[in-house]
Amino acid sequence: MKGYQRITTALALSFLLALTAFGQGTTSSLNGRVEHDGAGMPGVTVTISSPSMQGTRVTVTDVNGNYNFPAIPPGDYSVLFEMDGMSAIEKTTRLGLARTERVDATLQLSGIAEAITVTAAAPAVLETTEVQANFTNDQIEDLPVGRTVQEIVSLSPGVNTNGPGGNPRSLNPVITISGAYAYDSLFLINGAVTNENLRGQTDNLFIEDAVEETTIMTGAISAEYGRFTGGVVSAITKSGGNEFSGSIRDSFTDPSWTDTTPLGEAKAASKLNETYEATLGGRIIRDRLWFFGAGRYFEQDVLNFFSGSNLEAPTTIQTDERFEGKLTGQIANGHSLVGSYLSYDINQTPHCAFGCWDITTMDINGRALPREMITANYSGVLSNAMLVEAAYSTRDLVFAGSGGDHVTTNFNDPRDLALGTWGYDLTAGGAWGAPIFCGVCDSESRENEYYLLKGTYYLATEALGTHSIAAGYENFAESRFANNYQSGSNFGVYVYSGVSPTRTNNGGLRPVISEGDLLKYYPILTLSQGSDFVTDSIFINDKWDLNPRWSFNVGGRYDRNDGRDSAGNPISKDENFSPRLGLIYDVSGNGRMRMNASYSRYVSKIQEGIGGGAGGGNPAYFLYEYRGPTIGGPDSGLDSFDVLEQLFAWFLANGGTGSTEFLVGATVPGVNTAFAGDLKSPHVDEYTIGFGTQVGRGGYIRLDYIDREWNDFYSVSTAPNDQVASPGGDGSFLDILTFGNSDSVERTYQAVQFQGSYRLLPRLSLGGNYTWSEQRGNLEGENAGSGPLPDLTGTYAEYKAFAAHNPTGALLADQEHRARVWLSFDQPLGAFGNLNIAALQRYDSGTPYSALTNALPVSDFVTDPGYATAPSSVIYYFSDRGEFRWEDTTATDLALNWNGGFSGLNLFVQGELLNIFDESAQVNGNTAVILMDPFDPFTQTPVEGVHWRKGANFGNATNVNHYQLPRTYRVSVGLRF
């Protein structure tokens, strides 16, 4: 048996050393002060132990009576204080992930108090300047919320789910944090960066039952974190332990368990969907080597609706397989290794990208999305004053078969062109015609890799207090290999006219193409070599406790970008310094009531969608304006491909791609794209003020004000007569598009965040948060399709030099009020187990929208100053930006959780009822505007009803996703041991 254990240990540790790691945000810190008669006591031995930690950790209080434990696993801890001649005291506390907690003690002479006392430590309040929220697995299990990382994050103050392409019915909301772009927050799971390369949201690289804890940081964030301007989300999975434990869960959903919306759609047919999860953890060698594994499988029918209607589209059959394996080892006292591997395979058949008006637009053969993530981490205690950490992680994602399966081979045949082309409705959203993207072209891969080396040093002085100094080096590399074919034919149509498709009585689609709509030709002229964006960073952060009342955070971060686009061209060697400064004042000197203030700068990384957008594998585009008669309509009898066939007949008759008569815009990566020096990373400056206090023995409240302003926005500009010859050899020219940065864009965010919790009774607890915020600017800066978008007001600026082109106002993600309040009550049932009843009340004020057109004709009012492809139309806001609001949303959710069992087996059943009162607020809708009479935007103010009018459905819901999720039921059953 001993020989077997040695072999097992060697193999396991070899596996761990071969793995590569996660970075920040996987551990916790504990500090405190030990006193006697009001004075700090040096030389007190402090010992911590926990079921979450292998062995124990020991330190001794410094000259000021302070102690510090950095880099310890989150969990429930016992803290023992001992000194000769003094009565030992033991306290318990909960250490949250990526948080610093505090446990103080007052020792008495042994003659005064001989017994060891065990007390529960109250929660720390503003122990650091970071504005954050924390949710454990036990909390989430009780509440009526989805168990995904995205749903957990959406409970936090300072967060909203109004990012581009968000769907109120989805369990994967599009997260924005503290007013930033949805693509510009940092998501970590086991320390690995899980942001998807383009749109920046976290990939689902987790198994819900495996997630142990999640922390959301929304302000005053330590210099140890970088490459974001929003917030930081850190989640960690379970690690096993000395005792064996596990779970089996089966979760049930059914589309017929969701009520209908006021739109009057048919009730969905019943189809039971099941999601299977299992976990198992325990020891290989007690206090030396632990294991944890988890698996997840589901095959689900996903209900789809055609865009602009309540008609059901073909159901997507989605299969999802995930597996996680994790090992935690202690190679010597104070030296640990942790490694994990996760695989995630998903298949979707059929698939629709960005909304589909017709069955022909759905990718009937579907797509596959395999992923992998590997992490590992080492930490070692070199002395009471010194700890070192080393880490590495890697993640990759592949898109296979995504898009249309039809590729045209004869570009002279209009019918073939039509079959491979899609049209996109810019007013109501959604595509018609062929599927978006090319399903038989090259697969796409997106990867990142991360290294960390970090040291933490604890320094104590009598005059200047104590310092916990963390310093380190990070290397983050991100790459994407993609030949980004936009369609099977390399063509797409953008409908600017505001006339959406209509349907016949039997459901047939009748799209319309009108004069002024745009045909976009997307050839890929240079194949991808793979982009390469690397950020090297060094950081230092000092948590400085000057005395019992004053403490400071003094930190800074230096980031250096080295970016090459997918053609191998260098585009950025940007350097940035980010100060992170904060102070805390303890009102009473005992940790119960504190005030804080901070200044921070956060710097983003170079975004793939901007820096990589001019390289190989990216399509050129040639934009042709349609100037023929209206094609299609309700009474035309023409379906999508009939309309496209007539469009291409007109196009080819007028010279096709060989003519420049109707060319109104063009970009050829590497030909008419240039960078103005090195592309800079956008940054945000932030100021915070906060107050927090403990309430009773186990409660707290916290109030924070956050003020942010962004700078160095991505931009593109043109200049008259700055041209280059077209690569087609036809004698035409292209305007040069210069990528750079601009501070003419405005984006600001102010917020007040309130959060708290309190145990009203031993079995009744209350928690919740409220956020007031205001987000203003004149650039949305992102969309659902490509993520980040540059400021384009500098392109053909002479055609846009009127205030109504890009007014400042409420941005689309703005939400003034957002609240989440929950109650949880436990009722023991004796021999029949325990019943937990939890209620969650949600409130979201309405988000903004505007009356605008994307197709205001301007060419008649501007004398061309010398452009090759001057625009014929531009954006015009008829209303203030964000003048209109969708409806406020309220919903009450309820969960009933029963568990009971014997001999270590615990059966559980959870029933959830979401939106129990079936409230039906409209959260989105149609915003179509119709142009009536031409007007000069430079000299005239258009009159509603004369120059323009709102579309017949303006402000109205046109599909089920425009309403909040109706009353819905969910059920889970399982076994824990």
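Heads up: the structure comes first, above all this text.
Residues take numbers from 1 onward in each chain, read along the sequence in its written order. Note on the predicted model: pLDDT of at least 70 is required for a residue's local features to be given, and 80 or more for side-chain atom pairs to be given and counted; whole-chain, interface and lining totals, by contrast, use all residues. Hydrogens are left out, water is left out, and the side-chain values use all remaining heavy atoms of the structure.

(A) Structural view of the overall build of the protein chain. When helices and strands are tallied, the protein chain shows six helices and 66 strands. Its C-alpha atoms give the protein chain principal-axis dimensions of roughly 100 × 60 × 60 Å. Exposure categories follow from relative accessible area, calculated using a 1.4 Å probe and restricted to protein chains: below 20% of the type maximum is buried, above 50% is exposed, and the middle band is partly exposed. When each of the 977 residues of the protein chain is scored for burial, the buried share is 57%. The contact rule is simple, with two residues in contact once any of their heavy atoms fall within 4.5 Å. When contacts within the protein chain are restricted to residue pairs at least 6 apart in sequence, long-range pairs at least 24 apart make up 73% of them. Surface exposure here means Shrake-Rupley accessible area, sampled with a 1.4 Å probe, where a residue is shielded only by the protein chains that are shown. When the accessible area of the protein chain is evaluated, it comes to approximately 36700 Å², of which 55% is carbon and sulfur surface. Numbering of helices and strands runs from the N terminus, with a helix taken as a DSSP run of H or I at least four residues long and a strand as a DSSP run of E at least two residues long.

(B) Seen up close, the sheet that holds strand β16 (residues 211-219). Whether two strands pair depends on DSSP finding at least two bridges between them. The strand order across the open sheet built from five strands is β11-β16-β17-β14-β15, with neighbouring strands paired in mixed fashion. In the strand order of this sheet, the two ends are held by β11 (131-136) and β15 (192-193), each with one partner. With six bridges connecting them, β16 and strand β17 (residues 232-237) associate as antiparallel partners. Bridging across to β17, Glu213 finds its partner in Ile236.

(C) A look at empty space enclosed by the protein. In this analysis the probe radius is 1.4 Å and the grid spacing 1 Å, with only protein atoms considered; a cavity is a set of points the probe fits into but cannot get out of, a pocket is an open set with protein on both sides within 12 Å along at least five of seven lines, and lining residues have an atom within 4 Å of a point. Grid points are joined across faces, edges and corners, and a volume is the space filled by probe spheres set on the points. Under the counting rule described, the total for this entry stands at twelve cavities of 30 Å³ or more. A volume near 620 Å³ is recorded for the largest cavity. Forming the boundary of the largest cavity are 44 residues, of which Ser29, Thr100, Ser222, Glu224 and Asn541 lie nearest the centre. Every element with two or more residues in the lining of the largest cavity is listed here: β1 (28-36), β5 (66-72), β28 (444-461), β29 (465-481), β35 (532-545), β36 (550-564), β38 (575-586) and β39 (593-603).

(D) Focus on unusual backbone geometry. Note that the residue after Thr349, namely Pro350, is joined by a cis bond; omega there is -10°. On the secondary structure map, Pro350 appears in the loop between β22 (335-349) and β23 (367-368). In this structure, Ala71 takes a positive phi of about 50° despite not being glycine. In the Ramachandran plot, Ser903 falls in the positive-phi region, its phi being about 50° despite a non-glycine side chain. Note on placement: Ser903 falls in the loop between β62 (889-902) and β63 (905-914). Classification of Ser903 as exposed rests on a relative accessible area of 73%.

(E) Highlighting the state of the cysteines. Only a pair of cysteine sulfur atoms within 2.5 Å counts as a disulfide in this structure description. In this structure the tally under the stated criterion is two disulfides. The disulfide partner of Cys438 is Cys441, and the S-S distance across this bridge is 2.0 Å. Sign of the S-S torsion, about 75° for the bond between Cys438 and Cys441, identifies this disulfide as right-handed. On the accessibility criterion, Cys438 (7% relative accessible area) is buried. Overall, Cys441 belongs to the partly exposed group, its relative accessible area being 25%. The disulfide pattern of the protein chain is 1-2, 3-4 when the bonded cysteines are numbered in sequence order.

(F) Here's a closer look at the pattern of salt bridges. When a carboxyl oxygen of Asp or Glu is within 4 Å of a side-chain nitrogen of Lys or Arg, the pair counts as a salt bridge. This structure, assessed with the given rule, holds 44 salt bridges. With its nearest N and O atoms 2.4 Å apart, the salt bridge here joins Arg94 to Glu213. Highlighted residues: Arg94 in strand β7 (residues 89-95) and Glu213 in strand β16, separated in sequence by 119 residues. Judged by its relative accessible area of 29%, Arg94 falls in the partly exposed class. For Glu213, a relative accessible area of 1% translates into the label buried. Here Glu780 and Arg881 are joined by a salt bridge, their closest N and O atoms 3.5 Å apart. A residue pair is termed long-range when its members are at least 10 positions apart, and Glu780 in the loop between β51 (764-777) and β52 (782-783) and Arg881 in the loop between β60 (873-877) and β61 (884-885) qualify at 101 residues. You can call Glu780 partly exposed: its relative accessible area is 23%. Counted as one network, the salt bridges with shared partners bring together Arg102, Asp104, Glu127, Lys543, Asp545, Asp586 and Arg594.

(G) Structural view of the nonpolar core. Residues Leu186, Ile221, Tyr225, Phe228 and Val232 are the most contacted members of the largest nonpolar core, which totals 36 residues. Counting residues per element, the ones that place at least two in this core are β14 (186-189), β17, β28, β35, β46 (713-717), β49 (737-742) and β50 (747-761). Ranked by residues supplied to this core, first place goes to β46 with three residues. Here Ile221 is in contact with Glu130, Phe228, Gly231, Val232, Arg580, Ser600 and Tyr602, once residues within four sequence places are set aside. For the purposes of this section, nonpolar cores are sets of buried Ala, Val, Leu, Ile, Met, Phe, Trp, Tyr and Cys residues that join through side-chain atoms within 4.5 Å.

(H) Local environment of the pairing of β63. Where β62 and β63 come together, nine bridges link them in antiparallel fashion. Across the sheet, the residue bridging to Ala895 is Glu912, located in β63. Count of turn residues in the β62/β63 antiparallel hairpin: two residues, of which Ser903 carries a positive phi of about 50°. Where β63 meets strand β66 (residues 968-976), nine bridges bridge the pair, whose relative direction is antiparallel. Each bridged residue has a counterpart across the sheet, and for Gly911 the counterpart in β66 is Val971.

(I) Focus on the side chain of Arg820. Mapped onto the secondary structure, Arg820 falls in strand β56 (residues 817-828). Whenever a nitrogen or oxygen atom comes within 3.5 Å of another N or O atom, the pair is scored as a polar contact, on the condition that within protein one atom can donate a hydrogen and the other can accept it, and that pairs from neighbouring residues in sequence are kept only if both atoms are in side chains. Within the local environment of Arg820, its side chain forms a polar contact with the backbone oxygen of Tyr843, the two atoms lying 3.4 Å apart. Ignoring anything within four residues of it in the chain, the contact list for Arg820 reads Ser154, Leu155, Gly767, Gly768, Asn769, Leu840, Gln841, Arg842, Tyr843 and Asp844.

(J) Region of the structure containing the packing of aromatic side chains. Centres within 6.5 Å are what make two rings of Phe, Tyr or Trp a pair, Trp counting through its six-membered ring; a difference in plane orientation under 30 degrees is then read as stacked, over 60 as edge-to-face, and the rest as tilted. Scanning the model with the defined rule gives 35 aromatic pairs in all. Taking the centre distance of 4.6 Å and the plane angle of 55° together, the rings of Tyr392 and Tyr451 count as tilted. Separated by 59 residues along the polypeptide, Tyr392 in strand β25 (residues 386-399) and Tyr451 in strand β28 bring together distant segments of the chain. With a centroid separation of 6.5 Å and 75° between ring planes, the pair formed by Phe648 and Phe651 is classed as edge-to-face. Of this pair, Phe648 and Phe651 both sit in helix α6 (residues 640-653), three residues apart, which is roughly one turn of that helix. For Phe648, a relative accessible area of 0% puts it in the buried group. A network of ring pairs unites the aromatic residues Phe491, Tyr521, Phe622, Tyr624, Phe648 and Phe651 as a single cluster. Lys520 extends its terminal NZ or CZ atom over the ring of Tyr621, reaching a point 4.2 Å from the ring centre. Geometrically, a lysine NZ or arginine CZ counts as sitting over a ring once it is within 6 Å of the ring centre and also within 35 degrees of the ring normal. Its guanidinium or amino end placed over the ring of Trp710, Arg747 lies 5.6 Å from that ring's centre, counting from NZ or CZ.

(K) Fine view of the sheet that holds strand β30 (residues 491-495). Taken in spatial order, the six strands of this open sheet run β27-β26-β30-β34-β40-β42, and their pairing is mixed. The open sheet has two edge strands with one neighbour each: β27 (431-433) and β42 (663-667). Recorded for the sheet is a direction-independent mean angle of 20° between the axes of neighbouring strands. The pairing of β30 with strand β34 (residues 518-521) spans four bridges and is classified as antiparallel. When the bridges of β34 are listed, Gly492 appears paired with Lys520. A fitted line through C-alpha atoms represents every axis, and for helices the fit uses only the stretch in contact; the resulting angles, taken between N-to-C directions, go from 0 to 180 degrees. On the sheet, α6 packs against β27, β30, β34 and β40 (621-625) and is oriented at approximately 80° with respect to β27.

(L) Highlighting the pairing of β36. Note: β35 against β36, 14 bridges, orientation antiparallel. Bridged to Asp532 within β36 is Arg564. In this antiparallel pair of consecutive strands, β35 and β36, the connection spans four residues. Alignment of β36 against β38, held across eleven bridges, turns out to be antiparallel. Paired with Asn553 across the bridge in β38 is Gly582. Two strands pair when backbone bridges link them, and β36 and strand β37 (residues 570-572) are joined in this way by two bridges, in the antiparallel orientation. Looking at β37, one finds that Arg564 is bridged to Pro570.

By themselves, these observations are geometric and do not establish any function.
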